Amino acid sequence: MNIKSEITSGLRCKTYVIEEDGKDIIYQEYKDNAYYQAKKKYEILNKIANIGGSEYIPKCYKYFNLEDKSVLYTEYRSGHSLHEIRKNRLNFKFDKIAEQLSKVLYKIHSIKDNECFGWITDCGCIEKKNLEEYVKSEFERFQGTFKEKLSYKDLEFIESKEEVVLNFLKKKNNLKPQLIWYDLNPENILINEKNELACIVDPGGAKYGIKEIDLAFLRMEVCENEYEYQSLLTEYKKLDKTVDEGLIEVMGILVELDDIMLRIQDGIDIPIPYCSNFKDLITRI
């Protein structure tokens with residue numbers, strides 16, 4: 001294997017640019033508790049390819065399992081991460097890519113081939129029959145992490161937010177699961193020299209949820225202010241007028257709690273969102 005360079009990509013994998021048959025390819029290795037990711041990503045990328053694909057999503061070539069790791073080969077795409085672009089290009093404006101991001105997300109969200117909500121593993125989907133059940137399971141996961149790390153007062157505050165989310169969901173009927181990309185952070189958005197979207201990479205966080213979770217994630221993780229968020233929301237609504245802004249608000253609570261878990265478990269310094277629900281708690285962490 002001719003390794004040309006290593007790329008920083010994700011917490012639980014090794015990523016390299018390799019040369020094979022005269023062209024550059026992304027080669028990724030997954031070990032231990034991330035072993036399942038190669039198969040998962042291969043299947044997700046092929047789901048999208050089977051409905052016509054997207055110019056903004058790299059092709060997936062193959063995956064295979066070895067004794068101590070799994071391996072994934074995907075198309076190499078050049079570009080700089082949104083995180084890097086924001087630091088180094090004074091002429092970059094987020095609203096230039098809002099339309100492109102909306103189109104690729106709408107394509108992903110059109111996949112509705114699962115009857116239940118939940119995380120995708122190498123053995124299928126960890127299924128929850130409705131969104132309320134899924135949200136309860138997420139809060140149980142959060143509580144398990146936070147229990148020994150946060151004060152009783154902080155835990156009470158998180159429980160109050162859970163009540164807000166669940167009470168809101170009780171008013172919603174007939175929410176159906178759709179494939180969502182999730183985890184679309186600024187490192188996974190590549191920008192070209194024209195300040196346009198080159199591609200989005202790494203569907204590792206993909207699951208069956210609702211489109212509002214993806215939109216909440218972008219609001220919390222990618223948009224730096226309300227103007228950027230509204231530009232994205234406006235473009236997405238041109239494609240899908242059924243977007244529920246109230247759901248985006250409450251799903252933002254789940255997204256941010258997931259980030260607090262990463263801060264605690266992995267020591268990652270994730271910026272506090274401009275629209276944070278937990279600013280004081282995060283500041284103390």
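Conventions adopted
Residues numbered from 1 in each chain as written. Predicted model: local features only at pLDDT ≥ 70, side-chain atom pairs only at ≥ 80, totals over all residues. Heavy atoms only, no water. Phe/Tyr/Trp six-rings, centres within 6.5 Å; stacked < 30°, edge-to-face > 60°. Helix = DSSP H or I, 4+ residues; strand = E, 2+ residues; numbered from the N terminus. Buried < 20%, exposed > 50% of the residue type's maximum accessible area, 1.4 Å probe, protein only. Lys NZ or Arg CZ within 6 Å of the ring centre and 35° of its normal. Contact = heavy atoms within 4.5 Å.

Asks: Can you tell me about the packing of aromatic side chains, naming the residues and giving the values?
Replies: Scanning the model with the defined rule gives 10 aromatic pairs in all. Centre to centre, the rings of phenylalanine 142 and phenylalanine 146 are 6.2 Å apart; their planes meet at 25°, and the pair counts as stacked. In this pair, phenylalanine 142 and phenylalanine 146 both sit in helix α4 (residues 131–146), 4 residues apart, roughly one turn of the helix. In terms of burial, phenylalanine 142 and phenylalanine 146 fall into one category: buried. Taken together, the ring pairs connect Tyr16, Tyr27, Phe64 and Tyr73 into an aromatic cluster. The ring of tryptophan 119 is capped by lysine 207, whose NZ or CZ atom sits 4.2 Å from the centre of that ring. Lying over the aromatic face of tyrosine 182, lysine 207 brings its terminal NZ or CZ to 4.0 Å of the ring centre.

Asks: So what about the environment of methionine 220? Which residues, and what values?
Replies: Looking at where methionine 220 falls in the secondary structure, it is placed in helix α6 (residues 211–222). When its relative accessible area of 7% is taken as the criterion, methionine 220 is described as buried. Between the C-alpha atoms of methionine 220 and leucine 254, which are 34 residues apart in sequence, the distance is 11 Å. Non-local contacts of methionine 220, meaning those with residues more than four positions away in its chain, are made with Gly252, Val255, Glu256, Pro273, Cys275, Ser276 and Asn277.

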